[in-house]
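Read off the chains here:
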Amino acid sequence: MNLDYIVREPENISPITPILFMLHGYGSNEQDLFSFRESLPADWIIVSFRAPKATQFEGYSWFDIDFNNPEQFIDIDQAKEVLESILANIMAITNKYGLTRNKTHLCGFSQGGILCYSLALKYPELFNYVACLSAYPEEKLLTDIVKDKKKLENLRFFVSHGSDDAIIPMEWGKKAADLLYDLSCYFTFREYMSGHGVNQKNYIDLMEFFSK
């Protein structure tokens, strides 16, 4: 499945040009995280995907969510299927630009962040900086992750969560710290006085993470 996306290209593109792929949250679209582009490094390619499923009101989703059932919060089969599509699209776009010796980064919010955990931990050799905002690591999507510390050593995670998040509870978000610690991954976990979103301090810290 070819995903729709928007892109910001730098003036010069070479085999070592960094690329950042963005995955928005439920009910949003590709314009959401793309608004961050003005603060991101000018020499990066920025690609923001649109999720394939139209939601009931407006916007798009990567997979269905059942807000009334924490045990079956996400449709696992749909999530697994869309993970394969995202990976295929990432590879196709990377090849299109002739990127062979570059660094590839991920940034996902909520649903998009859940998928970023899975992509990075299943295919750690493909990615470098990974930002997971207002999300959590879904155990049912992490059954076959890489646990070899040597293969995980190039990953850098930025994890942020709002203390008043009513959509994905803070306790769920904190599971990331335990998981990444157990895997000996490099990560930063930040808690903010906010709901299900990215406040100004969160934004500043995120941009600092990507600028290192």
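Residues numbered from 1 in each chain as written. Predicted model: local features only at pLDDT ≥ 70, side-chain atom pairs only at ≥ 80, totals over all residues. Heavy atoms only, no water.

### Observations regarding the pattern of salt bridges
Inclusion rule: Salt bridge criterion: a side-chain nitrogen from Lys or Arg within 4 Å of a carboxyl oxygen from Asp or Glu. Under the scheme used here, helices are H or I runs from DSSP no shorter than 4 residues and strands are E runs no shorter than 2 residues, and both carry numbers assigned from the N terminus. Any residue under 20% of the maximum accessible area for its type is buried, any over 50% is exposed, and the rest in between are partly exposed; the area is computed with a 1.4 Å probe on protein chains only.
The final tally for this structure, using the stated rule, is 8 salt bridges. With a closest N to O distance of 3.5 Å, Arg-50 and Asp-4 form a salt bridge. With Arg-50 in the loop between strand 3 (45-49) and strand 4 (53-54) and Asp-4 in the segment before strand 1 (5-8), the pair connects residues that are 46 residues apart, well separated along the chain. Between Lys-201 and Asp-205 there is a salt bridge whose closest N-O contact spans 2.8 Å. With Lys-201 and Asp-205 both in helix 6 (residues 200-211) and 4 residues apart, this pair spans about one turn of that helix. Residue classification places Lys-201 among the partly exposed positions, given a relative accessible area of 47%. A network of salt bridges, in which partner residues are shared, links Asp-4, Glu-30 and Arg-50.

### Description of a nonpolar patch on the surface
Spelled out, the test is: Two distance rules govern patches: like charges are joined within 9 Å, and nonpolar side chains (Val, Leu, Ile, Met, Phe, Trp, Tyr) within 5 Å, applied only to residues with over 30% relative accessible area and no salt bridge. Working definition of accessibility: Shrake-Rupley area with a 1.4 Å probe, residue cover restricted to the visible protein chains.
Residues Tyr-26, Phe-67 and Ile-167 make up a contiguous nonpolar surface patch of roughly 280 Å² in combined accessible area. Checked against the element boundaries, Ile-167 lands in the loop between strand 8 (156-162) and helix 5 (170-182). Overall, Ile-167 belongs to the partly exposed group, its relative accessible area being 38%.

### Digging into the sheet that holds strand 6 (residues 104-109)
Backbone hydrogen bonds hold the strands of a sheet together, and the pairing may be parallel or antiparallel. To be explicit about the condition: Following DSSP output, two strands are said to pair if at least two bridges run between them. Fitting a line to C-alpha atoms yields each axis, with helices limited to the stretch in contact; the angle taken between N-to-C directions then spans 0 to 180 degrees.
Spatial strand order, 1-3-2-6-7-8-9: 7 strands in an open sheet with mixed pairing. Here the strands that pair on one side only, and so sit at the sheet edges, are strand 1 and strand 9 (186-192). Between one strand axis and the next, the sheet turns by 15° as a mean value, whatever way the strands run. The sheet contact formed by strand 7 (residues 129-133) and strand 8 spans 5 bridges and is parallel. Bridged to Leu-133 within strand 8 is Ser-160.

### Observations concerning unusual backbone geometry
With a phi close to 55°, Ser-110 is a non-glycine residue in the positive phi region. Take Ser-110: it is sitting in the loop between strand 6 and helix 3 (111-122).

### What to know about helix 3
For clarity, the threshold we go by: To estimate how far a helix should extend, the number of its residues minus one is multiplied by 1.5 Å.
With 12 residues, helix 3 should cover 16 Å at 1.5 Å per step; its first-to-last C-alpha distance of 17 Å lies within 8% of that length. Along helix 3, 12 of the 12 residues are buried, which leaves the element largely enclosed by surrounding structure. All of the buried residues along helix 3 are Gln-111, Gly-112, Gly-113, Ile-114, Leu-115, Cys-116, Tyr-117, Ser-118, Leu-119, Ala-120, Leu-121 and Lys-122.

### Quick word on the packing of aromatic side chains
Here a ring pair, both rings aromatic, is described through the centre-centre distance and the interplanar angle of the planes. For clarity, the threshold we go by: Between 30 and 60 degrees the pair is tilted, below 30 it is stacked and above 60 it is edge-to-face, where a pair is any two Phe, Tyr or Trp rings, Trp via its six-membered ring, whose centres lie within 6.5 Å. Throughout this description, the term charge over a ring refers to an Arg CZ or Lys NZ atom that lies within 6 Å of the ring centre and within 35 degrees of the ring normal.
In total, this model carries 10 aromatic pairs according to the counting rule given. Arranged with centres 6.5 Å apart and planes meeting at 40°, the rings of Tyr-129 and Phe-210 form a pair that is tilted. Of this pair, Tyr-129 sits in strand 7 while Phe-210 sits in helix 6, and the two are 81 residues apart along the sequence. Exposure remark for Phe-210: the relative accessible area of 1% places this residue in the buried category. With centroids separated by 5.2 Å and ring planes inclined at 55°, the aromatic side chains of Phe-209 and Phe-210 adopt a geometry described as tilted. On the basis of relative accessibility, which here comes to 7%, the residue Phe-209 falls in the buried class. Linked through ring pairs, Trp-44, Tyr-129, Phe-158, Phe-209 and Phe-210 together constitute an aromatic cluster. Sitting over the face of the ring of Tyr-186, Arg-156 holds its NZ or CZ atom 3.9 Å from the ring centroid.

Shape descriptors only; they carry no functional weight alone.
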